[in-house]
Amino acid sequence: RAFAMSVSHSSRLNKLVREQYVRLPQDGLVQVTYVWIDGSGEGVRCKSRTLDKEPKSIEDVPEWNFDGSSTAQAEGSNSDMFLVPVCMFRDPFCLDPNKLVLCEVLKYNRKPAETNLRHTCKKAMDLVKDSHPWFGMEQEYTLLGINGHPYGWPDNGFPGPQGPYYCGVGADKVYGRDIVESHYKACLYAGVKICGTNAEVMPSQWEFQVGPCEGIEMGDHLWMARFILHRVCEDFGVVATLDPKPMTGNWNGAGCHTNYSTEEMRSEGGLKHIEAAIEKLSKRHNYHICVYDPRGGRDNSRRLTGHHETSNIFEFSAGVANRGASIRIPRQVGQDGYGYFEDRRPAANCDPYAVTEAIVRTTLLNETGVETKDYADH
C-alpha cells in the first residue's frame, strides 16, 4: 500500500500494452519531439510533430512555435514563441528513426527569451574555440515519491544517518537503481555523452556525469540528459528534483560540480595555467555565485554552508583533493603537473550554459568585476 501511494497513477498503466504500439511501423514518417527550457529556467517542456522523412542533421528540422503564455515566457496577447532547433538526439522512448531535438527559444521579435542562456554562451564559446575548453558536469539529483517525500524513506521518519549510502549496494542502502540504470541506457542510446553514475551520500540521491564536452556541447548534452531523466522518472511514477538542499538538517545537498580544462591545462606543464585560472576565479567569486543557481545565489546559500562537503558561500578557497574547497585540484593532476580542475560551487539546478559561460568569461576572456561584456558587435 505504501508503494502504491508513493508513485503516480500513470506509472501503473500497463507498459506492455504500450510496447505493442511503440513497435508499429511508421511507413517512413518520423516523430520529432521538440524540447525547450521554460520560463522558470529550470523546467523543460516538449511537444511532438511528424516529419515526412528522417532528418539527417539539425538543418533538416524546421523551426516551430509554441504558446509562451502557458510556459511563463510571454503575455497571452502576444504569446507565440519560436523554437529554433540546435541539437538532435535519437529518441530512446519512441525509438529509431524518431528524434529528440533541443531548441533555443526566441521571442516574437526574434530576440532570445529571458531564460535562453544558450544564446550568449554560444557567442563566448565561439570566441575561445582555439583554447578548446572541455567541461564535464556531475549532475546530482534526488528521487522523490509523488508525495514529495524522498523515495524509499520511511513515511513517518528518517533512514539511518549518512555513511553507507554513497556508492552503496543493497536493498537497505540504495533506492531507485532501476531508474538510474534505465536513464543511463536511454542517454547512451540517445547519443548523450553520459560518462558515469553513482549513488550519492544521502539516500535516494544519485549522480550522473556528462562529458567531456567541448564548448557549447556541454550545456546541450546536460539539458538533454535532464530531459531524459524526467521522462524516465515519469515512466516509473517518481519525481527527480534538482533542488540544491532537498532535505534540511544533517543531509548532503545536491550540486553540479563542473570540471574544466583548456588545451594548455591538459598539456605538459599545464598546472601553472590551472593555477592562473584559479587566481582569476578567486577575484570574481561573487559574480560566479550569482550565476551558479537560478536565483542569484539564494538557492546555493542553503547548500554552501561549509559543511557536508561544501565550501562556505561567502569565501573562496582552493586546494588539492579538498572537497570542502570552492575549487578542487584532483590529486592526480597535482602529481602529473597537468590536467583539469573542479569548480564545486554550481548548484544542482544551475543552468549549464550560464556556468560554462561564466568560467570562460573569467578564465579566457579575462573579465573582472560583476559586469559582463557584450560581444555582439565583435
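Residue indices follow the written sequence of each chain, beginning from 1 at its first position. The predicted origin of the model limits local features to residues at a pLDDT of at least 70 and limits the giving and counting of side-chain atom pairs to 80 or more, whereas totals for whole chains, interfaces and linings rest on all residues. Excluding hydrogens and water, the side-chain values take into account all heavy atoms of the structure.

Counting its secondary structure elements, the protein contains 11 helices and 13 strands. Just to be clear, the radius of gyration here is over C-alpha atoms, and the globule rule we use is 2.2 Å times residues to the power 0.38. Relative to its length of 378 residues, the protein is compact, with a C-alpha radius of gyration of 21 Å against a globular reference of 21 Å. Dimensions of the protein, computed from C-alpha atoms along their principal axes, come out at roughly 60 × 55 × 40 Å. Burial classes follow relative accessibility: with a 1.4 Å probe on protein chains only, a residue under 20% of its type's maximum area counts as buried, one over 50% as exposed, and anything between as partly exposed. Out of the 378 residues belonging to the protein, those deemed buried represent 51%. Long-range pairs, those at least 24 residues apart, make up 66% of the contacts in the protein with a sequence separation of at least 6. With the model as given, the accessible surface of the protein reaches about 17600 Å², and the carbon-plus-sulfur share is 51%. A helix here means a DSSP run of H or I that spans at least four residues, while a strand means a run of E at least two residues long, and both kinds are numbered starting from the N terminus. We call two residues contacting when some pair of their heavy atoms lies within 4.5 Å. Here the open area of atoms and residues is found with the Shrake-Rupley method and a 1.4 Å probe, where only the protein chains shown may cover a residue.

Once that is clear, we can look at the sheet that holds strand β2 (residues 44-51). When DSSP finds two or more bridges between a pair of strands, those strands are recorded as paired. Taking strand neighbours across the sheet as the criterion, the 5 strands line up as β2-β1-β5-β4-β3 in an open arrangement whose pairing is mixed. A single partner strand is all that each edge strand has here, and the edge strands are β2 and β3 (64-67). In this sheet, neighbouring strand axes are inclined to one another by 40° on average, regardless of whether the strands run parallel or antiparallel. Pairing between strand β1 (residues 30-37) and β2: 8 bridges, direction antiparallel. The partner of Thr33 across the bridge, within β2, is Ser48. Whenever a helix is involved, its axis is fitted only over the stretch in contact; in every case the axis is a line through C-alpha atoms, and angles between N-to-C directions fall within 0 to 180 degrees.

For the rest of this paragraph, the subject is unusual backbone geometry. In this structure, the amide linkage connecting Asp96 to the following residue, Pro97, adopts the cis form with an omega of 10°. Topologically, Pro97 is positioned in the loop between β4 (80-90) and β5 (99-106). A cis amide bond, omega -5°, links Gly211 with the succeeding residue Pro212. Relative to the elements of secondary structure, Pro212 occurs in strand β8 (residues 205-214). Within the chain, His132 stands out as a residue other than glycine whose phi angle is a positive 50°. Its location among the elements puts His132 in the loop between α3 (118-127) and β6 (134-144). The partly exposed category is assigned to His132, whose relative accessible area is 29%.

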